[in-house]
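Notes for the structure review
Chain by chain, the residues:
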Amino acid sequence: MTTPGQGQKILAACYGAAHVEMLLPLIAPLRKRHRVDIIAINTAADALRRRGIAFTSVSELVDRLGWRERVQRWGHKAMASNVGALTLSQEESVTYLGMNLHDLALQQGDEAAWAIYTQQGRGAFHPVHFARQVVEHFAPDLVLATSAPRLERAIVEAAGAASIPSLVLVDQYPAHELQWLKSPGFATRLAVLDGSVQQMIVDEGRPADDIVVTGNPAFDALDAIRHVPRAVPPRIVYLSQSEPFAPAGSPRHEPVNGPVLKALLAAAERHDWVVVYRPHPNEQQMTMQHPRLVTHRSGAVGLLDSFHGAAAAVTETSTAGIQALLAGIPLVQLGFTRRTRRPPFEQFGSTQIAASVVDLEPAVCSALATPSHSPQTSEQATANVLHLVEDLMGSSRGQ
């Protein structure tokens, strides 16, 4: 499904969570000037559908490109193996896994593809054949994507191979994404959050002229909640991530989100808090029942709704932690998982560090004692990115 404009053709691709949130403010102004086709990957479809925004699903593309029979065979095999469960419907999971596995089989052969998948899960996916056909199908003048791996990355690479300019929006402080962001051949331009992200990528070898500091368009909407009073009882928003950590006295690693949520709920009983649990789209949502627990699934509840009236937020490395700080909400950062590269949250506002699960309760109490503050500046990131898009479109017309 497409919405034609009067200008050139833009192909936008995005995954869910922070990726689609970064793209959302750009869609309406771009569609006033250009034809914009959006490929919604996995949970991005929920966010777009909820807002009535036209998009093309991966399932529709599988049918258009004639991949359905092979995708179904691989997808059902993957679902039966229970390797790397997805937070999608059965049909969506079959399509997504099947498309990636068939592409991997085209690259490696059937037996090798299955062996790689059983060892690496979705980390093995890099659907270069599918992406090339997608780019050929839409024949855009510009590709717009975020820094997510797998299909988005492959589409940007396919655009480069076809000499089509591309703009990649880097929604956060990159970690594993540096592997491809640092390559001068990946995307015509990178749009990044701030100067520290720009320098991080430059330090990896990418020319500085390829990287433009625009800010994050998703952050522009924070003005709407900066002056909202704190709710009573206090609301603690847990921006969950299932990163591994080793509990005290145990040599084994386990996902951090379960112990953190239990600790927050125990503290909520003692201090009269409400815990808003917002699971990452990639994690299996915990079904814990508790009178002080409210669950906000990202596909159903917007991030700003989760932040409305919040007294504090808790996360490990989520970009949403920066959004909380810019909205004047104090943050508690989990500092006890295996993740070594962490965003410099303290640059954006009041940040407490919890060095262990035991330290979590006093860290939240300290955050709650921090006076609310409201940043006075607005990034205007949406306007910055739109200007960059038009620059790239103008350059492509001149080629």
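About the criteria used
Throughout this description, residue numbers start from 1 for each chain and increase along the sequence as written. With pLDDT at 70 or above as the cut-off, local features in this predicted model cover only qualifying residues; side-chain atom pairs require 80 or more to be listed or tallied, and sums for whole chains, interfaces and linings still use all residues. Only hydrogens and water are set aside when side-chain values are computed; all heavy atoms of the structure are taken into account. Only runs of H or I of at least four residues qualify as helices and only runs of E of at least two qualify as strands under DSSP, and these elements are numbered from the N terminus. Taken over C-alpha atoms, the radius of gyration is set against a globule rule of 2.2 Å times the number of residues to the power 0.38. For every residue, the accessible area (1.4 Å probe, protein chains only) is compared with the maximum for its type, and the residue is labelled buried under 20%, exposed over 50%, or partly exposed between those bounds. Note on contacts: a residue pair qualifies if any of its non-hydrogen atoms lie within 4.5 Å across the two residues. Method for areas: the Shrake-Rupley scheme with a 1.4 Å probe, in which residue coverage is limited to the protein chains shown. Note that His is not counted, nor are the chain ends; the positive residues are Lys and Arg, and the negative ones are Asp and Glu. Note that the charge is assigned to NZ on lysines, CZ on arginines, CG on aspartates and CD on glutamates. Only buried residues count toward a nonpolar core, which is a set of Ala, Val, Leu, Ile, Met, Phe, Trp, Tyr and Cys residues joined through side-chain atoms within 4.5 Å. Here is the rule: rings of Phe, Tyr and Trp (six-membered ring for Trp) pair when centre to centre is within 6.5 Å. Planes less than 30 degrees apart are stacked, more than 60 are edge-to-face, and the remainder are tilted. In this analysis the charged atom, NZ for Lys or CZ for Arg, is taken to sit over a ring once it is within 6 Å of the ring centre and within 35 degrees of the ring normal. Note: two strands are recorded as paired if DSSP finds a minimum of 2 bridges between them. Given a helix with a known number of residues, its expected span is that number minus one, times 1.5 Å. Contacts described as polar in this section are N or O atom pairs within 3.5 Å, which, within protein, must combine one atom able to donate a hydrogen with one able to accept it, while residues neighboring in sequence count only if both atoms come from side chains. What the arc measures is the spread of directions leading from the helix axis to the C-beta atoms. Orientation is described by lines fitted to C-alpha atoms, with helices fitted over the stretch in contact, and by angles between N-to-C directions that extend from 0 to 180 degrees. Oblique is the label for every angle not falling under 35 degrees (roughly parallel), over 145 degrees (roughly antiparallel), or within 65 to 115 degrees (roughly perpendicular). The residue classification treats Ala, Val, Leu, Ile, Met, Phe, Trp, Tyr, Cys and Pro as nonpolar and Asp, Glu, Lys and Arg as charged. All others, Gly included, are polar. For this analysis, a salt bridge means a side-chain nitrogen from Lys or Arg found within 4 Å of a carboxyl oxygen belonging to Asp or Glu.

We now examine the overall build of the protein chain. Secondary structure assignment for the protein chain yields 15 helices and 15 strands. The C-alpha radius of gyration of the protein chain comes to 21 Å, within 12% of the 21 Å expected for a compact globule of 399 residues. Seen along its three principal axes, the alpha-carbon backbone of the protein chain occupies a region of about 60 × 50 × 40 Å. The 399 residues of the protein chain split such that 54% are buried. Restricting to contacts in the protein chain with at least 6 residues of sequence separation, those with at least 24 account for 62%. If you sum the accessible surface of the protein chain, you get close to 16,500 Å²; carbon and sulfur atoms cover 50% of it. Across the protein chain, 34 positive and 37 negative side-chain charges occur, with their mean positions spaced 3 Å apart.

So, about the nonpolar core. Membership of the largest hydrophobic core comes to 75 residues, with the highest contact counts inside it found for Ile39, Phe130, Val134, Ile155, Leu190 and Phe307. Ignoring anything within four residues of it in the chain, the contact list for Leu190 reads Leu167, Val168, Val170, Leu181, Ile201, Arg206, Asp210, Ile211 and Val212. Listed in part, the 30 residues of the second largest apolar core include Cys14, Val20, Phe55 and Val389.

What follows covers the packing of aromatic side chains. Scanning the entire structure with this criterion turns up six aromatic pairs. Where Tyr117 meets Phe125, the ring centres are 5.5 Å apart and the plane angle is 5°; that geometry is what we call stacked. Judged by relative accessible area, Tyr117 falls into the buried class, the value being 0%. Judged by relative accessible area, Phe125 falls into the buried class, the value being 3%. The ring of Trp114 has Lys77 sitting right over it, with the charged end atom 4.4 Å from the ring centre.

Turning our attention to the environment of Thr337. Relative to the assigned elements, Thr337 resides in the loop between β14 (331-334) and β15 (351-354). By relative accessible area, Thr337 is classed as buried at 11%. Along the chain, Thr337 and Ala355 lie 18 residues apart, while their C-alpha atoms are 9.2 Å from each other.

Strand order in the open sheet formed by seven strands is β3-β2-β1-β4-β5-β6-β7, and the pairing between neighbours is parallel. Looking along the sheet, the strands with just one partner apiece sit at the ends: β3 (56-57) and β7 (211-213). Across four bridges, strand β4 (residues 142-146) lies against strand β5 (residues 166-169) in parallel orientation. When the bridges of β5 are listed, Leu144 appears paired with Leu167.

Our next topic: helix α11 (residues 257-271). Residues spaced three or four apart along an α-helix face the same direction, because each turn holds 3.6 residues. With 15 residues, α11 should reach 21 Å at 1.5 Å per residue; the first-to-last C-alpha distance of 21 Å fits that figure. Of all the residues in α11, the buried ones are Asn257, Gly258, Val260, Leu261, Leu264, Leu265, Ala267 and Ala268. The positive-phi residue at the C-terminal boundary of α11 is Asp272, with phi of around 60°.

This part is about the side chain of Ser306. Structurally, the position occupied by Ser306 is in helix α12 (residues 303-307). A polar contact of 2.8 Å, which involves the side chain of Ser306, links it to the side chain of Arg278. Apart from the residues within four sequence positions on either side, Ser306 is in contact with Arg235, Val237, Arg278, His296 and Val301.

Attention shifts here to the side chain of Thr370. In this fold, Thr370 is placed in the loop between α14 (360-368) and α15 (381-397). Beyond its immediate sequence surroundings of up to four residues, Thr370 is in contact with Arg230, Pro330, Ser350 and Gln352.

Let us now look at helix α10 (residues 195-203). Here α10 has its buried residues at Val197, Met200 and Ile201. Along the long axis of α10, the arc covered by the buried residues comes to 90°, so they all point the same way. In the core, the buried residues of α10 are packed alongside α9 (178-181), β6 (189-192) and β7. Positive phi shows up at Gly205, right after α10, with a value of about 115°.

With their axes 7 Å apart at the nearest point, helix α5 (residues 90-108) and helix α7 (residues 128-138) run at an angle of 105° to one another. Judged by the angle between their axes, α5 and α7 are roughly perpendicular. Where α5 approaches α7, its residues Met99, Asp103, Leu106 and Gln107 are matched on the opposing element by Val128, His129 and Phe130. Residues of the contact of α5 with α7, tallied by class, amount to four nonpolar, two polar and one charged.

Taken as a whole and assessed by the stated rule, the structure comprises eleven salt bridges. Among the salt bridges present, the one from Arg51 reaches Glu21, with a minimum N-O distance of 3.8 Å. Residue Arg51 is found in the loop between α2 (44-50) and β3, and its partner Glu21 is found in helix α1 (residues 18-33); the two are separated by 30 residues along the sequence. The exposure class assigned to Glu21 is buried, which follows from its relative accessible area of 19%. When the shortest N-O distance is used, the salt bridge between Arg153 and Glu157 registers 3.3 Å. Here Arg153 and its partner Glu157 are both found in helix α8 (residues 151-161), four residues apart, which amounts to about one turn of the helix. The class for Glu157 is partly exposed, based on a relative accessible area of 29%. Connected through shared salt-bridge partners, Asp46, Arg49 and Arg297 make up one network.

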